[in-house]
Amino acid sequence: MSAFKPVLTEHIHQEDCHTLSFYKSVGGYTALEKVLKMIPAEVTQEVKDSNLRGRGGAGFPAGVKWGFIPKDTDKPKYLINNADESEPGTFKDRLLMNKAPHQMLEGMIIAAYAIGCHTSFIYIRGEFYKEFKLLEKAVAEAYKDNILGQSILGSTYNLDVVIHRGAGAYICGEETGLIESLEGKRGWPRIKPPFPAIEGYLQSPTIVNNVETLSCVPHIINRGASWFKSIGPEKGPGPRLFCLSGRVNNPGIFEEAMGISLKDLIFDRAGGIPDGKKLKAVFPGGSSSAILTAEEALDVNMDFDELVEKKTMLGSAGVIVMDETVDMVQACLNIARFYAHESCGQCTPCREGTAWLVKMLTRLVNGGGTPNDIDMIFEITDNIGGLIDFSMGSFGKTICPFGEAVAWPVRSFVEKFKDEFLAYLPREKVVA
Amino acid sequence: MPLLKIDDKEFQVESGSTVLETAESNGIEIPHYCYHPALEVVGSCRMCLVQVEGMGKLQVSCNTFVGDVPPDRKVDGKYDMVVHTQNDLVVQERKNILEFLLLNHPLDCPVCDQAGECYLQDYSFKFGNAHSRFEEDKRVRPNEYLGSQIVINQNRCILCSRCVRFTQEISGTSELFVEARGYNSKIAVLEDNPLDNLLAGNVADICPVGALLSTDYIHKNRIWNMEQKPSVCQDCSVGCNVDIFSQKNQIFRLTARENQDVNGYFMCDIGRYGFHRFEEIERVSQPMARNGKSFDVLDWEEAIQKTADLIEKSKDKTAGIVSPFHTNESNYLLGLMMKDTLGTLPPITREEITYPSGFRISADRSPNLRGMNDVCGHLEEDFSSIIKTRDIRGLYILDDGVDRELDDTWKDILAKMDFIIVQSYAMTELAKSAHIVLPGLAPFEREGTITNDKGHIQWLRPSLVTIGDSKPDWEILMLVINALDKDSEHFTDLGEVIKNMSDHFSSYSDVSLFKIGAQGMALNGKSA
């Protein structure tokens, strides 16, 4: 395999890389020109052939998703660009919006064309105010240049893009919660079926794609599905933005081929662990993924399927590194607290279970734990999120995957670092 | 039609029906909280989880639709879906959900009004654990007023969101919403938009636990002390089906009873709290005759004889006044007696209200205007001119107990009369001006049929015991008719009156109490 050359972030270090003129100077919007001469089904097929999988967290094949849009409907179709990046340890979409907004816009227009959509939304996280202003400018530039609006680039295709700012809820990054929020309602995820591709925004067919997913699309069109598939593992190929944070010397975003080893990411790209400390554990894909022990982490490639085999997931590729100084019980409580705070409160297990976990872990940390608590944590997490069994397809006990997102990491902490939890128990109780 | 197997039973079901609906209508219990047949499915309580063969995780049965599957995907070669509601996985999951629901629930059943009709109590008993594993502090919150007549006990709330969806979808008023997030979520209203619409009382009915309470009923009684009797609301011509809860002949509350042909699942607060009207009413419980400015108490025999004598004296100059508040049978018999020289008391009308869900409060606030018109052959529209032209000197009034302000026309009419006989359960203005007062029954004591404004005929059944010497109104009329004409037919029960009535009016030809039953029937087989 030849050395990987960045695709999505190729130009981010150049001045004014966010402007339309710059983007055009490096071949921007040529993919769009090409697409406007294709029939939409061909575009979908090309993306399907590329095996592009969603970069938001679930890793669902983008082309397949587009294919779910009903062919014989009179309803308008919508494309929503999910820019509500809120997974702890993940900050890649923010970079793409900052540095390459037109790359993302081009991807959006192509996707919208493929599914026959004429109104598209960017649902951007409320806290990303700078990026919001930047996107507003980019969209205005695109309108001015006839890249958006009526008869795009002289074709018969029309598309409007609306930017909508979220109000800072983690759950609004879940696609149906996002759609509810976009409709002006409370961000409570919807029960499925119906799936958004059939009944989404305003009960019309809707596709929700992540910023990074859409940013890949122009490159697939320009260089072909087989080029894309040649990068990394065939079943989950392409360039990927890995976010390294936590106890590393050189935290940041690294664009690499899918399937790079986690060891390389941590010790080569991110420069290893400061002060010569030892690696202890890693979240491979944001805080919703089950943690890997140092041993597991050094022996795994960042590939969708391989991580599933390790009973965790690639998720949003937000790698959070913990070294030997990290107190795993405190870290676990921190994670549990985040999810209790962000639970939307709709489903019983998630609403009640997350708060129970926090109360129990807090008591444990404060020295009031009992040996029984450890077993209870397993039971509570299983009752919220179910056991990890990807072979059965979907797995949770709640409407949306939030239940799993809290259950898996918390469970993995206790499972893999049980001794540390036991050490928090008052001495006499351990003996008894 | 798809073939569905639930546990060991097979069902041919309509394509697109849900597992929960099918189970419910076939007597298989699947516990649920957030699902309500009148409201949008949200699937959030997770109580109705069942196992569907071929699906990896448990499915919420409220949102699992049964449809035809291709032959190669049929389970066991013939089923389109196979569902388990009793296996270990499902039984355990119910325990888990109930455990979560009870974490912060106060378990104050001994002082909770819902006890005895509480789904949290019932399901915990049937499906839950015997003890709690929760060792932390429970969340404690104060009670709050959501509207002038609805209080919420936040501690008992399980956030099924039925009430929120009710105000969004049924009343369309959207006062209720969920405030805050996650564990801190609670049902709330905005200060300047309290839950004070006329359907507000329904939220207490549909609350599956004791969270939403009607201030009218709070701490008044226990469900097991009361008698529950099916009845029909008589506060407007929609005729909502209700259940009346009473103890020792005192009504404590009304709740809506399902009837898809009439009111769906709900009722309005006018009817719900309307029964209090009768608590303060001055009842007439004995036959009375005027003696100067006061009344003498009579026994029934005397009273009937006196009535008959008065009418006999000026037979052609006596008119009857029927009422849209009385049953078809009473009105019909008065029509027979007066040979259709009939008028009616002024109607009671208010604003007509229709909610987005189609739920309606009729402008006509009497229960039986249509029925009265149907079974009284000829009602004089311009009654006051008839009085003049026919020189009417006596009136037999079937009074409805509504305390009307009588206008000058009516006052003139009454002043002109030689005698006025009033059949009433209450000492109304009319009764006070009567020469003879015959004590009939109050609305919830009556039995008979009433016809709503859409032509749906319903059976009004007695919910309370008769007070004093009062007699059913149709029986009093029967006695008077028999006293006037010794050869007239004597009907010994209501069924005979209905039979006779149905012989006279073709639109009522197939009406019988048996056919009406608990859900009523449409006249001529269809509601207009």
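See the structure shown above.
Remember, predicted model here, so these are calculated numbers, not experimental data. Each chain carries its own residue numbering, running from 1 in the direction its sequence is written. A letter from A marks each chain and a number from 1 marks each ligand, given out in the order of writing. For a predicted model such as this one, the threshold for reporting local features is a pLDDT of at least 70, and the threshold for listing and counting side-chain atom pairs is 80 or more; totals across whole chains, interfaces and linings nevertheless cover every residue. Excluded from the side-chain calculation are hydrogens and water; included are all heavy atoms of the structure.

Asks: When you look at the nonpolar core in this model, what are you seeing that I'm missing?
Replies: Inside soluble globular proteins, nonpolar side chains tend to come together where they are buried. Residues F413 of chain A together with Y33 and I187 of chain B are the most contacted members of the largest nonpolar core, which totals 115 residues. Examining the composition of this core, we find that nine residues originate from one element, helix α14 (residues 328–342) of chain A, more than from any other. We call two residues in contact whenever any of their non-hydrogen atoms come within 4.5 Å of each other. Once residues lying within four places of it in the same chain are set aside, the contact partners of I187 of chain B are L146, I152, Q154, C157, L159, C163, V164, L176, F177 and V178 of chain B. Grouping buried Ala, Val, Leu, Ile, Met, Phe, Trp, Tyr and Cys residues that are joined through side-chain atoms within 4.5 Å yields what is termed a nonpolar core. Each residue's exposure class comes from its accessible area (1.4 Å probe, protein chains only) as a fraction of the maximum for that residue type: buried when under 20%, exposed when over 50%, partly exposed otherwise. The secondary structure listing takes helices from DSSP runs of H or I that are at least 4 residues long and strands from runs of E that are at least 2 residues long, numbered from the N terminus.

Asks: Mind showing me how you'd approach a negative patch on the surface here?
Replies: Residues qualify for a patch when their relative accessible area is over 30% and they have no salt bridge, like charges being joined within 9 Å and the nonpolar side chains of Val, Leu, Ile, Met, Phe, Trp and Tyr within 5 Å. The Shrake-Rupley method, run with a 1.4 Å probe, gives the accessible areas here. Residue values count only the displayed protein chains as cover. Here a salt bridge means any side-chain nitrogen of Lys or Arg lying within 4 Å of a carboxyl oxygen belonging to Asp or Glu. Positive: Lys, Arg. Negative: Asp, Glu. His and the chain ends are not part of the count. Think of each charge as sitting on NZ of Lys, CZ of Arg, CG of Asp or CD of Glu. Taken together, the side chains of D299, E301, E302 and D469 of chain B define an acidic patch exposed on the protein surface. Of note, D469 of chain B is situated in the loop between β24 (456–460) and α13 (473–484).

Asks: Where do I start with the layout of surface pockets in this structure?
Replies: Where empty space is left becomes clear once a probe the size of a water molecule has been rolled over the atoms. Residues and elements named next belong to chain B. Cavities and pockets were defined on a 1 Å grid built over protein atoms only: a cavity is a set of grid points that admits a 1.4 Å probe from which the probe cannot escape, a pocket is an open set flanked by protein on both sides within 12 Å along at least five of seven lines, and lining residues are those with an atom within 4 Å of any such point. Grid points are joined across faces, edges and corners, and a volume is the space filled by probe spheres set on the points. Size it by volume and the second largest pocket reaches roughly 1,000 Å³. Taken together, 41 residues make up the lining of the second largest pocket; nearest its centre are Y119, R162, D205, I206 and A256. Listed by contribution, the elements that provide at least two residues to the lining of the second largest pocket are α3 (119–127), α5 (202–206), β10 (212–214), β12 (241–247) and β13 (250–256). With five residues, the single largest contributor to the lining of the second largest pocket is β13. For this classification, the nonpolar set comprises Ala, Val, Leu, Ile, Met, Phe, Trp, Tyr, Cys and Pro, the charged set comprises Asp, Glu, Lys and Arg, and every other residue, Gly included, is treated as polar. Of the residues contributing to the lining of the second largest pocket, the split by class is 22 nonpolar, seven polar and twelve charged.

Asks: Would you take a moment to explain the interface of chain B and chain A for this structure?
Replies: Accessible area lost upon the coming together of the parts serves often as the stated size of an interface. Each partner contributes to the interface: chain B provides 36 residues, whereas chain A provides 36 residues. Two parts placed together each lose some accessible area; with a 1.4 Å probe, that loss summed over both constitutes the buried area. In total, chain B and chain A occlude about 3,000 Å² of area from one another, counting both sides; carbon and sulfur atoms represent 52% of this. Three residues stand out in chain B for area buried against chain A, namely F100, E136 and R181 of chain B, and they jointly supply 24% of the buried area on that side. At the boundary of chain B with chain A, the tally comes to five salt bridges. A 3.5 Å cut-off defines polar contacts: any pair of N or O atoms within that distance qualifies, except that in protein one atom must be a possible hydrogen donor and the other a possible acceptor, and neighbouring residues in sequence count only when both atoms are side-chain atoms. At the boundary of chain B and chain A, one finds 19 residue pairs in polar contact (both at pLDDT 80 or more). Of all elements in the fold, only α2 (88–102) and β8 (177–179) of chain B reach the threshold of two or more residues within the side of chain B that touches chain A. Here the side of chain B that touches chain A gets six residues from one element, more than from any other, and that element is α2 of chain B. Of the residues contributing to the side of chain B that touches chain A, the split by class is 15 nonpolar, nine polar and twelve charged.

Asks: In this structure, what is going on with the packing of aromatic side chains? I would like to understand it.
Replies: For any pair of aromatic rings, geometry is given as the distance between the ring centres together with the angle between the planes. Pairing of aromatic side chains here covers Phe, Tyr and the six-membered ring of Trp, requires ring centres within 6.5 Å, and sorts the geometry by plane angle: under 30 degrees stacked, over 60 edge-to-face, intermediate tilted. Scanning all chains against the criterion turns up 26 aromatic pairs over all chains. With 5.6 Å between their ring centres and 70° between their planes, W356 of chain A and F134 of chain B make a pair best called edge-to-face. Here the residue W356 of chain A occupies a position in helix α15 (residues 348–365), and F134 of chain B occupies one in the loop between α3 and β6 (144–145), the pair thus bridging two chains. The pair W356 of chain A / F134 of chain B is uniform in exposure class, with both members buried. Taken together, the ring pairs in this structure connect Y170, F338, Y339 and F402 of chain A into an aromatic cluster. The residue whose ring lies beneath R165 of chain A is F132 of chain A, and the NZ or CZ to ring-centre distance is 5.2 Å. Above the face of the Y217 of chain B ring, R253 of chain B is positioned so that its terminal group lies 4.9 Å from the ring centre. Put simply, a charge is over a ring when the Lys NZ or the Arg CZ is close to the ring centre, within 6 Å, and near the line of the ring normal, within 35 degrees.

Asks: Explanation requested: empty space enclosed by the protein in the structure shown.
Replies: Residue and element names in this part refer to chain B. Enumeration according to the criterion identifies seven cavities of 30 Å³ or more in this entry. For the largest cavity, the calculated volume is near 100 Å³. Together, C233, D235, C236, V238, G239, C240, C268, I270, F359, R360, I361 and R365 line the largest cavity. Counted by class, the lining of the largest cavity contains eight nonpolar, one polar and three charged residues.

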